[in-house]
Protein chains: 2
Amino acid sequence: MRTLHVLDTTLREGEQLTGAYFTLEQRVQIARLLDAVGVSFIEVPSPIASAETRRAVQEICGLQLRARVVAHVRCAEADVQAALETGVDGLNLFYGTSPELRSFSHGKRIEQIISDAVPLIRQIRAAGRYVRFSAEDAFRSDLVDLLTTFDAVVEAGAQRIGLPDTVGVATPRQVESLVRLCAERYPGVGIEFHGHNDTGCAVANTVAAFEGGADCLDVTVLGIGERNGIASLSGLIAQLYIHYPERLATYDLTRLPEVDRYVAECLHLSIPFNNPITAPGAFTHRAGIHTKAVLRNPRAYEILDPQDFGLARNVEVGSRYTGRYAVGHRAAALGIELNADEIVHLTQALKERADTGAMSQDEVDTFILNWYQEKGNLVWER
Amino acid sequence: MRTLHVLDTTLREGEQLTGAYFTLEQRVQIARLLDAVGVSFIEVPSPIASAETRRAVQEICGLQLRARVVAHVRCAEADVQAALETGVDGLNLFYGTSPELRSFSHGKRIEQIISDAVPLIRQIRAAGRYVRFSAEDAFRSDLVDLLTTFDAVVEAGAQRIGLPDTVGVATPRQVESLVRLCAERYPGVGIEFHGHNDTGCAVANTVAAFEGGADCLDVTVLGIGERNGIASLSGLIAQLYIHYPERLATYDLTRLPEVDRYVAECLHLSIPFNNPITAPGAFTHRAGIHTKAVLRNPRAYEILDPQDFGLARNVEVGSRYTGRYAVGHRAAALGIELNADEIVHLTQALKERADTGAMSQDEVDTFILNWYQEKGNLVWER
């Protein structure tokens, strides 16, 4: 079985989300939680970024995690030196290779990129550390520029090459195709993919990279990152759970909700309603047709079992789309046994109430109990 | 050019999000805003769902929108009758065809599904209305069951067939392949796709459906819906903007932020940070490398132009990842002209402050002004 590494870059890419800030304690705790889930790599920012960052990197390196700690570092002598002075297992070098980044970011030609990167890669290898080289904005880079750069960095000793979709422009087909091309050209070299979400396809692109031959996939908790972020850990896990479950054998999926909740709390965010697995409603069923079937067998509308993540499903009864089956079920759970006619009447009454506004579970229960006391007994003279 | 219809089902699928409720006024306003953006179809719930729903459907039909109004209706005589009594342009019939839904939802065999659906389709066509038939949970349905059902409903007069990924299990490749198979088998019949987001690929699957030959794609505002929702209108628009811009010729993209904001407000939600185009940070640039390049040319890190959506980009200066270029730029915007050395010192000071906690734009500006007054003048004796 081909290896698959998940690299979590919440501490680096994630903190580039607008307004985001993690304290030292939060950074350490996030690393611990990610390690408990089971990711292979934890990416940290360049230690040269700030004094507090350098301290955080050192402290995380000292945790003796199973995950390898890798620093995201510019191809600059001072940056590499600062990273090597910490205990990181490896350095993730990057350099923009697209015309856009060469023109408006660093202003270097491909030859200069190579002559900057190659001695640093040799230096990192000589120091006994792991090194990856990413061609930033790979999917807008000219193929000749990209391969010329990769040829040189692989020759210099880069153990993995990175294909980031830095601006979120790629399609799954493009990702799979470019990854496959590189996997064939560089046998024995790892391939990493990092996909931004500007056009909403970060998770799909990340899975496509795996299918093309990538052995390392970048994610962040909840998908936080620059602009509107990258692929989420929970999204990738949901995909692997369905399509490649054997890849999750070493993961503790029950720890996923904790890390999602923790990072959301650190950043004063809500977990988005659209997040796979840990969204507040990810296992909530609402429409009458759905609730009826799910109460009979959850597989009807669930492809992920919430219990595998330490979560519970929720059957929501308080909406105008509710149905008899779910209403009867809820009444029974409240200790009220109703016949078929009674359930029809209660459902109708509940739908009329829910037609005027949202109802919480407590409001639903109170409604059912009141209905039973005030109306049910009158109508059917029990 | 092949036609592409966008069907927005915020008013139907969207209100199935846990806790969601739209008032009559909100439903009408959402329909107006969607029409202003330019979607082809606005899907409403079955008028039989509730009295208020029937009123809302009638009112929306009376708006004389450009978009066609279609009701999402079970294959049941009473439901079809109720919908036909309103002014909807068409009926979107659905019936679960997967083993899971046949066993745990309605309990019907394929022959029964067909014998329920066919007379209703004929009745709807005889009434001069548009009719679509969706095989609910198509991607877990047996191919023979699926095609047997479609053969019959197409023969009966269904003008479009729907392939919903009801449980969010499909991959882009599967979607493209099944859609293509149906497009080849049913020439002249429209094909609709509706993709849930349980494994994070709703937008990618929806685009794959278009590439396979679908002519109608379902979305909701922000992607709200049962569990963790479906493809978002903004995600699909971002994809079309990049890959099929000619498809957006008739859309008013500047109205998109308004509809996203409005629906979020109706449901007391925040627009998720991961939403394409309208996320709070979708056009915010933060890391020093990014801000420098974007200030020189936004194309460096932007594939969508915020102005096309009536939005503005934001260069965030107040983080430990900030850079000299952005700091100097901000100082200049505040009327402070600094030389290169001064900018280096100010950047260092700002990074040290941001290393202790998040900073708002106001805090950054105050910091720069204070630094200039208290330190800048002392150090360089201007």
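Everything numeric in this text was worked out from a predicted model, so none of it was measured.

Trainee: How should I be thinking about the environment of B:V344 in this particular structure?
Mentor: Residue and element names in this part refer to chain B. As for its position among the elements, V344 is in helix 13 (residues 340-354). In this structure V344 comes out as partly exposed when scored by relative accessible area, which is 37%. Sequence separation between V344 and V327 is 17 residues, and the spatial gap between their C-alpha atoms is 8.9 Å.

Trainee: Help me understand the sheet that holds strand 4 (residues 90-96) of chain B, please; the structure alone is not making it clear to me.
Mentor: Two pairing modes exist for strands in a sheet, parallel and antiparallel, and in both the strands are linked by backbone hydrogen bonds. An order of 1-2-3-4-5-6-7-8 (chain B) is seen for the eight strands of this closed barrel, with the pairing classed as parallel. Sheet twist, expressed as the mean angle between neighbouring strand axes with direction ignored, is 25°.

Trainee: Please clarify how helix 11 (residues 288-296) of chain B should be interpreted in this entry.
Mentor: Looking only at helix 11 of chain B, the buried set comprises B:G288, B:H290, B:T291, B:A293 and B:V294. Buried-residue contacts for helix 11 of chain B involve helix 4 (99-106) and strand 5 (130-136) of chain A together with strand 9 (284-285), strand 10 (314-315) and helix 12 (324-333) of chain B.

Trainee: So what exactly am I meant to see when it comes to unusual backbone geometry here?
Mentor: It is generally the case that most residues other than glycine have a negative phi and that most peptide bonds are trans. A positive phi is found at A:R227, a non-glycine position, where the angle reads about 55°. As for its placement among the helices and strands, A:R227 is situated in the loop between strand 8 (216-219) and helix 9 (233-243). In this structure, B:L222 takes a positive phi of about 65° despite not being glycine. Considering the arrangement of structural elements, one finds B:L222 in the loop between strand 8 (216-219) and helix 9 (233-243).

Trainee: What should I look at first to understand the pairing of strand 1 (residues 5-8) of chain A in this one?
Mentor: It is a general feature of regular strands that their side chains alternate between the two faces of the sheet. Residue and element names in this part refer to chain A. Burial of strand 1 is two-sided: the residues H5 and L7 facing one way and the residues V6 and D8 facing the other way are all buried. Examined bridge by bridge, strand 1 and strand 8 share four bridges and lie parallel to one another. Its bridge partner lying in strand 8, H5 is registered against C216. Bridging between strand 1 and strand 2 (residues 41-44) involves two bridges; their strand directions are parallel. Among the inter-strand pairings, L7 is bridged to a residue of strand 2, identified as F41. Once you follow strand 1 into helix 1 (residues 24-37) and on to strand 2, the crossover reads as right-handed.

Trainee: Would you explain the interface of chain B and chain A in this entry?
Mentor: Accessible area lost upon the coming together of the parts serves often as the stated size of an interface. The partner chain A presents 86 residues to the 86 residues of chain B that form the contact. For the pair chain B and chain A, the summed buried area comes to about 7,100 Å², and 55% of that belongs to carbon and sulfur atoms. Looking at the side of chain B facing chain A, the largest losses of area belong to B:F104, B:R227 and B:F273, adding up to 11% of the total buried there. On the surface where chain B and chain A come into contact, there are eight salt bridges. In this structure, the salt-bridge partner of A:R173 is B:E211, at a minimum N-O distance of 3.3 Å.

Trainee: Is there a simple way to think about the packing of helix 5 (residues 110-126) of chain A against helix 6 (residues 143-156) of chain A in this case?
Mentor: Packed helix pairs are characterised by how far apart their axes lie and by the angle those axes make with each other. All names here are of chain A. Across the interface, helix 5 lies against helix 6 with an axial gap of 9 Å and an inter-helix angle of 20°. Our classification of the angle between helix 5 and helix 6 gives roughly parallel. The crossing of helix 5 and helix 6 is right-handed. Contacts between helix 5 and helix 6 involve I110, I113, I114, A117, V118, I121 and R122 from the first element and D145, T148, T149, A152, V153 and A156 from the second. Classifying every residue of the contact of helix 5 with helix 6 by side-chain character gives nine nonpolar, two polar and two charged.

Trainee: How should I be thinking about the UniProt feature "domain: Pyruvate carboxyltransferase" (unreviewed entry) in chain A in this particular structure?
Mentor: The sites that UniProt annotates as "domain: Pyruvate carboxyltransferase" (unreviewed entry) are residues 4-257 of chain A. A helix fraction of 43% and a strand fraction of 18% characterise residues 4-257 of chain A, whose end C-alpha atoms lie 22 Å from each other.

Trainee: How should I be thinking about the pattern of salt bridges in this particular structure?
Mentor: Opposite charge on two side chains lets them pair, provided their charged atoms get close. Per the counting criterion, the structure on display carries 54 salt bridges over all chains. The closest approach of N and O atoms between A:R54 and A:E85, which form a salt bridge, is 3.9 Å. You can see A:R54 sitting in helix 2 (residues 51-61) and its partner A:E85 sitting in the loop between helix 3 (77-84) and strand 4 (90-96), a full 31 residues away along the chain. For A:R54, a relative accessible area of 34% puts it in the partly exposed group. Residue classification places A:E85 among the exposed residues on the basis of a relative accessible area of 51%. Among the salt bridges present, the one from B:E15 reaches B:R27, with a minimum N-O distance of 3.3 Å. One end of the pair, B:E15, is in the loop between strand 1 (5-8) and helix 1 (24-37); the other, B:R27, is in helix 1, with 12 residues separating them in the sequence.

Trainee: Hey, could you run me through the packing of helix 12 of chain B against helix 13 of chain B in this one?
Mentor: Residue and element names in this part refer to chain B. Where helix 12 meets helix 13, the closest approach of the two axes is 9 Å, and the angle between their N-to-C directions is 100°. Considering their axes alone, helix 12 and helix 13 lie roughly perpendicular with respect to each other. Two secondary-structure elements touch here, helix 12 through R324, V327, G328 and A331 and helix 13 through I343, V344, L346, T347 and L350. Taken together, the residues of the contact of helix 12 with helix 13 sort by class into six nonpolar, two polar and one charged.

Trainee: What exactly am I supposed to notice about the packing of aromatic side chains here?
Mentor: By convention here, two paired aromatic rings are described through the distance between centres and the angle between planes. This structure, assessed with the given rule, holds 10 aromatic pairs over all chains. On the numbers, 5.9 Å between centres and 80° between planes, the contact of A:F139 with A:F193 is edge-to-face. With A:F139 in the loop between strand 5 and helix 6 and A:F193 in strand 7 (residues 190-195), this pair connects stretches of sequence that are 54 residues apart. Here A:F139 and A:F193 have matching classes, each one buried. Taking NZ or CZ as reference, B:R68 lies 5.9 Å from the ring centre of B:Y130, over its face.

What counts and how
- Residues numbered from 1 in each chain as written.
- Chains lettered and ligands numbered in written order.
- Predicted model: local features only at pLDDT ≥ 70, side-chain atom pairs only at ≥ 80, totals over all residues.
- Heavy atoms only, no water.
- Helix = DSSP H or I, 4+ residues; strand = E, 2+ residues; numbered from the N terminus.
- Buried < 20%, exposed > 50% of the residue type's maximum accessible area, 1.4 Å probe, protein only.
- Pairing = 2+ DSSP bridges.
- Axes fitted to C-alpha atoms, helices over the stretch in contact; angles between N-to-C directions.
- Contact = heavy atoms within 4.5 Å.
- Right-handed = clockwise from strand over helix to strand, strands pointing away.
- Buried area = accessible area lost by both parts, 1.4 Å probe.
- Salt bridge = Lys/Arg side-chain N within 4 Å of Asp/Glu carboxyl O.
- Parallel < 35°, antiparallel > 145°, perpendicular 65-115°, else oblique.
- Left-handed = near helix turned anticlockwise from the far one by under 90°.
- Nonpolar A, V, L, I, M, F, W, Y, C, P; charged D, E, K, R; others polar.
- UniProt positions renumbered as here; feature names shortened; annotations may be inferred.
- Phe/Tyr/Trp six-rings, centres within 6.5 Å; stacked < 30°, edge-to-face > 60°.
- Lys NZ or Arg CZ within 6 Å of the ring centre and 35° of its normal.

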